[in-house]
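Architecture and fold: a report
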Amino acid sequence: MALYCIGDVQGCDGALQRLLDHMAFSPSRDTAYLLGDLVNRGPDSAAVLRRCMAADGALRPLLGNHDLHLLATAHGVRKPSRRDTLDGVLHAPDSTALLDWLRQQPLAHAHTHANQTLLMVHAGVLPAWSVADTLALAAQVQAVLRGPEFVAFLHQMYGNTPDHWRADLAGADRLRVVVNALTRLRFCSADGVMDFDSTESAQAAPPGLLPWFDVPGRRTAGTLVAFGHWSTLGWLDRPDALGLDTGCVWGGCLSAVRFGATLAERERLQVQCPQAQKPG
């Protein structure tokens, strides 16, 4: 049985098929975690969702910002943007089933491998959060998304404030901070104030900001965190941080890692992708 993580697919189902073939992936034997942004900007988001649904737990996705955008667009909370390629889901005969399945997926997950913890999120983890905090807070959002009031929550989900974590946050403010950290975070200050403007590489951090995984004293620093979301960061392979968004939709690669006997034993697997969108 092999364990994999896969970066942002963003509707590029053909690339996902080629990557799975390259991995010699077997749904009956292997498990692959997809680190969010299954959909949007690529050519066939519906096929990606159907593939994951049909894998019967072998392909296990997390929710990313584009996946939440799809849910919000489907329920009239957000207007489609000019770059969206979501019509194949929104107008599919099985659209209701696809969307219902999508909102059941988690925002964070921890997997134990060789007695070590692998924490997986789409974007990042705030420095004040432990692994247990991250999972518990993600579960609070997940419960709302899976519940009867999820459309009302989608109306309250968007916004850049509060921009930092406080334990006394409640209601929509609390859930919004969690969503923003887990699905949008790239840079933050040393005390955890999130920035939502810069999409540059880690080497081009705005003044006073750091990549979230470089904040001193980060409480998850002793745990390997795998994430996507940051295509300008590209491949990142450190003992405590594994970044797998290598810009598939922009004409880069779709990337995966196969773990060996321990989490430190990693094999990079990639397929080149046709450009589905142009930056800018």
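Quick note: structure is the one above.
What comes next is a walk through the structure.

Calculation criteria
- Residues numbered from 1 in each chain as written.
- Predicted model: local features only at pLDDT ≥ 70, side-chain atom pairs only at ≥ 80, totals over all residues.
- Heavy atoms only, no water.
- Helix = DSSP H or I, 4+ residues; strand = E, 2+ residues; numbered from the N terminus.
- Rg over C-alpha atoms; globule rule 2.2 N^0.38 Å.
- Contact = heavy atoms within 4.5 Å.
- Areas by Shrake-Rupley, 256 points an atom, 1.4 Å probe, with all protein chains shown as cover.
- Buried < 20%, exposed > 50% of the residue type's maximum accessible area, 1.4 Å probe, protein only.
- Pairing = 2+ DSSP bridges.
- Right-handed = clockwise from strand over helix to strand, strands pointing away.
- Axes fitted to C-alpha atoms, helices over the stretch in contact; angles between N-to-C directions.
- 1 Å grid on protein atoms, 1.4 Å probe; cavity = no way out; pocket = protein on both sides within 12 Å on 5 of 7 lines; lining within 4 Å.
- Points joined across faces, edges and corners; volume = space filled by probe spheres on them.
- Parallel < 35°, antiparallel > 145°, perpendicular 65-115°, else oblique.
- Nonpolar A, V, L, I, M, F, W, Y, C, P; charged D, E, K, R; others polar.
- Salt bridge = Lys/Arg side-chain N within 4 Å of Asp/Glu carboxyl O.

Broken down by element type, the chain carries eight helices and 13 strands. On C-alpha atoms alone, the chain measures out to a radius of gyration of 17 Å, which is about the 19 Å that the 2.2 N^0.38 rule sets for 280 residues. The contacts of the chain with a sequence gap of at least 6 include a subset with a gap of at least 24, amounting to 67%. Carbon and sulfur atoms make up 50% of the accessible area of the chain, which totals about 11400 Å².

A few words now on the pairing of strand E2 (residues 31–34). Here is the key point about a regular strand: its side chains alternate between the two faces of the sheet. Of the two faces of E2, both are covered, the one formed by Thr31 and Tyr33 as well as the one formed by Ala32 and Leu34. Sheet analysis places strand E1 (residues 3–6) next to E2, joined by four bridges and oriented parallel. When the bridges of E2 are listed, leucine 3 appears paired with threonine 31. For the crossover from E1 across helix H1 (residues 13–23) to E2, the handedness is right-handed. The pairing of E2 with strand E3 (residues 59–61) spans three bridges and is classified as parallel.

Among the seven residues that make up strand E12 (residues 253–259), six are buried, leaving the element largely enclosed by the rest of the structure. One ladder, built from four bridges, connects E1 with E12; its direction is antiparallel. Within E12, the residue paired with isoleucine 6 across the bridge is alanine 256. Two elements, E12 and strand E13 (residues 266–272), share seven bridges in a ladder whose sense is antiparallel.

It is worth spelling out the sheet that holds E13 at this point. Sheet strands pair via backbone hydrogen bonds, and the direction of the pair is either parallel or antiparallel. An order of E3-E2-E1-E12-E13 is seen for the five strands of this open sheet, with the pairing classed as mixed. Whereas interior strands pair on both sides, the edge strands pair on one side only; in this sheet they are E3 and E13. Along the sheet, successive strands turn relative to each other by an average axial angle of 25 degrees, direction set aside.

Here the bond from threonine 161 into proline 162 is cis, since omega is -10 degrees, no more than 30 degrees from zero. Positive phi, normally seen in glycine, also occurs at histidine 229, with a value near 75 degrees. Among the secondary structure elements, histidine 229 is positioned in the loop between strand E9 (224–227) and strand E10 (236–237). Judged by its relative accessible area of 9%, histidine 229 falls in the buried class.

Approximately 790 Å³ is the volume attributed to the largest pocket. Residue lining of the largest pocket: 34 residues in total, with Arg41, Asn65, His66, Arg186 and His229 positioned closest to the centre. At the level of secondary structure, the elements contributing two or more residues to the lining of the largest pocket comprise helix H3 (65–74) and helix H8 (171–184).

Okay, the packing of H1 against helix H2 (residues 45–54) next. At their nearest, the axes of H1 and H2 sit 8 Å apart, and the two run at 40 degrees to each other. With respect to H2, the axis of H1 lies oblique. Where H1 approaches H2, its residues Asp13, Leu16, Gln17 and Leu20 are matched on the opposing element by Ala47, Val48 and Arg51. Grouping the constituent residues of the contact of H1 with H2 by class yields four nonpolar, one polar and two charged.

A few words on H3. Taken across its 10 residues, H3 has eight buried, putting it largely inside the fold. His66, Asp67, Leu68, His69, Leu70, Leu71, Ala72 and Thr73 are the residues of H3 that are buried.

The next point concerns the pattern of salt bridges. Per the counting criterion, the structure on display carries 12 salt bridges. For aspartate 30, the salt bridge is made with arginine 29, and the minimal N-O distance between the two is 3.0 Å. In this structure, the salt-bridge partner of aspartate 240 is arginine 218, at a minimum N-O distance of 2.8 Å. Linking aspartate 240 in the loop between E10 and strand E11 (241–243) with arginine 218 in the loop between strand E8 (210–211) and E9, this pair joins segments that are 22 residues apart in sequence. Each of the two residues, aspartate 240 as well as arginine 218, counts as buried. Salt bridges sharing common partners tie together Asp214, Arg218, Arg238 and Asp240.

Once that is clear, we can look at the sheet that holds strand E4 (residues 108–113). Within the open sheet, the five strands sit side by side as E4-E5-E9-E11-E10. Their pairing is mixed. In this open sheet, the two strands that pair with only one neighbour each are E4 and E10. Sheet topology places E9 next to E11; three bridges connect them, and they run parallel. Across the sheet, the residue bridging to phenylalanine 227 is glycine 243, located in E11.

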